Amino acid sequence: MSNSIRHVVESVLATYLSTQTGLAGVQILTGDSNVTQTLPKAVVLCDSARAPGDLPEGLGNYECSVRVTLFSNADDTTLAVHRERCAALSDCMKSLDLIQAAFAATSGAAICYDVTYRSEDEGIDERSWATSFAFDVLTCLEPQ
């Protein structure tokens, strides 16, 4: 696994979300995925990683801004179904103990201390529903 905290966070969260039954049938990708993308899909992107204000720098601690955007095809999915998927994704990201276990399963790449929900924004265009969730993920990158 990469030694970049952004890649670690994206990879762990994408793997975690791909195993959740409420998101069955949704392709879960990382921001740098080159997989052919089809809908429905969710993209996990760690926009930034910074030293937390209340923890010392240089110890591997990061507060990561993570955006998970869920897309559904409006031609074959109702808004109600899309919002059911959104609810499932939101519930998955509120399960701190399960997320921490997913990080622990990465063989010491990183530890997750906390996940803080920031926002949910919905967008609609002609052909798709898109909802973006923003989270702060407090982590510590393990020395390699």
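Up top is the structure these notes are about.
Here the structure is a predicted model, which is why all the values come from computation and not from measurement. (Residues numbered from 1 in each chain as written. Predicted model: local features only at pLDDT ≥ 70, side-chain atom pairs only at ≥ 80, totals over all residues. Heavy atoms only, no water.)

1. Digging into the packing of aromatic side chains
We apply this condition: Side-chain rings of Phe, Tyr and Trp, where Trp is taken by its six-membered ring, are said to pair if the distance between their centres is within 6.5 Å; with planes under 30 degrees apart they count as stacked, over 60 as edge-to-face, and otherwise as tilted. Secondary structure elements are taken from DSSP: a helix is a run of H or I of four residues or more, a strand is a run of E of two residues or more, and numbering for both begins at the N terminus. In this scheme, a residue with accessible area under 20% of its type's maximum is buried, one over 50% is exposed, and one in between is partly exposed, where area comes from a 1.4 Å probe on protein chains only. Throughout this description, the term charge over a ring refers to an Arg CZ or Lys NZ atom that lies within 6 Å of the ring centre and within 35 degrees of the ring normal.
Taken as a whole, this structure holds two aromatic pairs when the rule is applied. Here Tyr-117 and Phe-135 contribute two aromatic rings whose centre-to-centre distance is 6.0 Å and whose plane-to-plane angle is 70°, an arrangement assigned as edge-to-face. Of this pair, Tyr-117 sits in strand 4 (residues 110-124) while Phe-135 sits in strand 5 (residues 128-141), and the two are 18 residues apart along the sequence. Between Phe-133 and Phe-135, the ring centres sit 6.4 Å apart and the planes meet at 15°, which makes this aromatic pair stacked. For the residue pair Phe-133 and Phe-135, the accessibility class agrees, reading buried in each case. The ring centre of Phe-71 lies 5.0 Å from the NZ or CZ of Lys-41, which sits over that ring.

2. Some points on unusual backbone geometry
In most cases, non-glycine residues show a negative phi, while peptide bonds are predominantly trans. At the junction of Leu-39 and Pro-40, the peptide bond is cis and its omega measures out at 5° in the coordinates. Assignment of secondary structure puts Pro-40 in the loop between strand 1 (27-30) and strand 2 (41-50).

3. Describing helix 2 (residues 79-93)
Put simply, the rule reads: Working rule for helices: expected span equals 1.5 Å times residues minus one. Residues count as neighbours in contact if any of their non-hydrogen atoms are within 4.5 Å of one another.
If you check helix 2, its first and last C-alpha atoms are 21 Å apart, about what 15 residues at 1.5 Å a residue would give, namely 21 Å. Residues of helix 2 that are buried: His-82, Arg-85, Cys-86, Ala-88, Leu-89, Ser-90, Cys-92 and Met-93. Buried-residue contacts for helix 2 involve helix 1 (5-18), strand 2, strand 3 (61-73), helix 3 (96-104), strand 4 and strand 5.

4. Thoughts on the nonpolar core
This is how the line gets drawn: What makes a nonpolar core is a set of buried Ala, Val, Leu, Ile, Met, Phe, Trp, Tyr and Cys residues whose side-chain atoms join them at distances within 4.5 Å.
In terms of nonpolar packing, the biggest core is built from 34 residues, with Leu-13, Leu-17, Val-66 and Phe-103 touching the most fellow members. When residues of this core are traced back to their parent elements, those giving at least two are helix 1, strand 2, strand 3, helix 2, helix 3, strand 4 and strand 5. What Leu-13 contacts, discounting residues up to four positions off in sequence, is Val-44, Val-66, Met-93, Ile-99, Phe-103 and Val-137.

5. Overview of the pattern of salt bridges
Between side chains of opposite charge, a pair can form as their charged atoms come close. Threshold: Within this document, salt bridges are pairs made up of a side-chain nitrogen of Lys or Arg and a carboxyl oxygen of Asp or Glu, the two lying within 4 Å of each other.
As enumerated under the stated definition, the model contains five salt bridges in all. With a closest N to O distance of 3.7 Å, Asp-136 and Arg-50 form a salt bridge. Residue Asp-136 is located in strand 5, and its partner Arg-50 is located in strand 2; the two are separated by 86 residues in the primary sequence. In this structure, Arg-127 engages Asp-75 in a salt bridge whose closest nitrogen and oxygen atoms are separated by 3.4 Å. A residue pair is termed long-range when its members are at least 10 positions apart, and Arg-127 in the loop between strand 4 and strand 5 and Asp-75 in the loop between strand 3 and helix 2 qualify at 52 residues. Here the two residues Arg-127 and Asp-75 agree in accessibility, since each one is exposed. Taken together, the shared-partner salt bridges in this structure form one network comprising Arg-50, Arg-118 and Asp-136.

These results come straight from atomic positions and should not be treated as a statement about function.
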